[in-house]
Amino acid sequence: VLGDQQASIFGNLLFDVGDLKLTLGTGIACNINTGTKTHPTSHNIYPLIGWKLSGHPPFYVAELLAANGGRAVEWVVTSGLIENIHDIDSVAKTVQNSAGVSFVPAFNGMEVPYRDPFAGTSLFGISLSTKVGHIVRAVLESQTFISTMF
């Protein structure tokens with residue numbers, strides 16, 4: 001029996017120590033193959049059994065989670081910035097960049113690597129020339145920034 005992240009590492013043949021899988025979904029998960037040694041728990045890095053094959057020692061993964069990833073994308077719709085999630089790409093492409101607008105998704109506080117349950121979501125850098133496309137683009141870019149903090 002495997003969890004979804006562990007099954008994905010196994011199914012993608014990430015069998016070497018240091019192999020990494022980044023999953024962008026409702027949350028953002030980073031899983032790193034640590035081989036037959038566990039990684040000590042620290043800064044919200046959780047050691048998990050990746051898999052165990054008959055007659056072999058278990059393989060472990062270090063897992064880092066950020067639950068606010070996809071929720072930020074959902075917020076773009078629920079906030080009324082766009083009507084349909086299928087429009088997110090076309091709205092983001094109405095501008096060339098985020099024009100200094102930044103979005104920090106922390107709907108449930110900040111997670112890896114800061115772990116601050118009291119932090120709140122932030123949207124800043126807005127000016128009089130800010131358009132919906134700049135905000136939508138900043139939300140999408142935030143997904144990349146979160147994954148670089150792992």
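Per chain, residues are indexed from 1 in the order of the written sequence. Restriction of local features to residues with pLDDT of at least 70 applies here, the model being predicted, together with a cutoff of 80 or more for giving and counting side-chain atom pairs; totals for whole chains, interfaces and linings are based on all residues. Excluding hydrogens and water, the side-chain values take into account all heavy atoms of the structure.

S.K.: Account for the confidence of the model for the protein chain, naming residues and giving values.
M.R.: The pLDDT averaged across the protein chain works out to 87; a share of 93% of its residues lies at or above 70. When pLDDT is averaged over each element of the protein chain, helix 3 (residues 88–92) comes out on top at 96 and strand 1 (residues 20–24) at the bottom at 84. pLDDT measures the predictor's confidence residue by residue and takes values from 0 up to 100. Labels follow the DSSP assignment, with helices taken as runs of H or I lasting at least four residues and strands as runs of E lasting at least two, numbered in each case from the N terminus.

S.K.: For the environment of Asn108, give the residues involved together with the corresponding values.
M.R.: Locating Asn108 in the fold gives a position in the loop between strand 5 (102–104) and strand 6 (122–124). Separated by twelve residues in sequence, Asn108 and Gly120 have C-alpha atoms that sit 7.4 Å apart. Whether two residues are in contact is decided by their heavy atoms: any pair within 4.5 Å suffices. Beyond its immediate chain neighbours, meaning those up to four positions away, Asn108 contacts Asn68, Arg71 and Pro117.

S.K.: Residues and numbers for the packing of aromatic side chains, please.
M.R.: When two rings of Phe, Tyr or Trp (its six-membered ring) have centres within 6.5 Å they constitute a pair, described as stacked for plane angles under 30 degrees, edge-to-face for angles over 60, and tilted for the intermediate range. Summed over all chains, the structure comprises seven aromatic pairs. Seen in terms of ring centroids, Phe15 and Trp51 are 5.8 Å apart; in terms of plane orientation they differ by 70°. Their pairing is edge-to-face. With Phe15 in the loop between helix 1 (4–11) and strand 1 and Trp51 in strand 3 (residues 45–51), this residue pair connects regions lying 36 residues apart in the sequence. A 1.4 Å probe rolled over the protein chains alone gives each residue an accessible area, and that area as a share of the maximum for its type sets the label: buried under 20%, exposed over 50%, partly exposed in between. Looking at Phe15, the relative accessible area reads 36%, which means it is partly exposed. What makes Trp51 buried here is its relative accessible area of 5%. Measuring from ring centre to ring centre gives 6.5 Å for Trp75 and Phe107, while their planes differ by 40°; the resulting arrangement is tilted. Of this pair, Trp75 sits in helix 2 (residues 69–78) while Phe107 sits in the loop between strand 5 and strand 6, and the two are 32 residues apart along the sequence. Look at Trp75 and you get partly exposed, because its relative accessible area is 24%. A relative accessible area of 34% means that Phe107 is categorised as partly exposed. Each member of the aromatic cluster is reached from another via a ring pair, and the members are Phe10, Phe15, Trp51 and Phe59.

S.K.: Go over helix 2, please, and point to the residues and values.
M.R.: Every α-helix carries 3.6 residues per turn, so stepping three or four residues along brings you back to the same face. The set of residues buried in helix 2 consists of Gly69, Gly70, Ala72, Val73 and Val76. Around the axis of helix 2, the buried residues are gathered within 155° of arc, so they sit on the same side. Phi turns positive, to about 90°, at Gly80, one or two residues after helix 2. Note that the arc is defined by the directions from the helix axis to the C-beta atoms.

S.K.: Could you give me a rundown of the nonpolar core, with the residues and numbers involved?
M.R.: Only buried residues count toward a nonpolar core, which is a set of Ala, Val, Leu, Ile, Met, Phe, Trp, Tyr and Cys residues joined through side-chain atoms within 4.5 Å. Counting residues in hydrophobic clusters, the biggest one holds 13 residues, and the most contacted among them are Val76, Ile82, Ile88, Phe103, Val136 and Val139. Only helix 2, helix 3 and helix 4 (132–148) provide two or more residues apiece to this core. Sorting elements by how many residues they give to this core places helix 4 first, with four residues. In contact with Val139, other than residues within four places in its own chain, are Ala72, Val73, Trp75, Val76 and Phe103.

S.K.: Account for the pattern of salt bridges, with residues named and values stated.
M.R.: Take a side-chain nitrogen of Lys or Arg and a carboxyl oxygen of Asp or Glu: if they are within 4 Å of each other, that pair is a salt bridge. Tallying each qualifying case throughout the model produces two salt bridges. As a salt-bridge pair, Asp89 and Lys93 come within 3.2 Å of each other at their nearest N and O atoms. Overall, the relative accessible area of 62% leaves Lys93 in the exposed class.

S.K.: Let's hear about the side chain of Gln5: which residues, and what values?
M.R.: Along the chain, the position of Gln5 falls in helix 1. What makes Gln5 buried here is its relative accessible area of 13%. Engagement of the side chain of Gln5 in a polar contact is seen with the side chain of Thr23, the distance being 3.0 Å. Setting aside its immediate chain neighbours within four residues, Gln5 contacts Thr23, Ala29, Asn31 and Glu63. Polar contacts, as used here, are pairs of N or O atoms within 3.5 Å; protein pairs need one atom able to donate a hydrogen and one able to accept it. Residues neighboring in sequence count only if both atoms are side-chain atoms.

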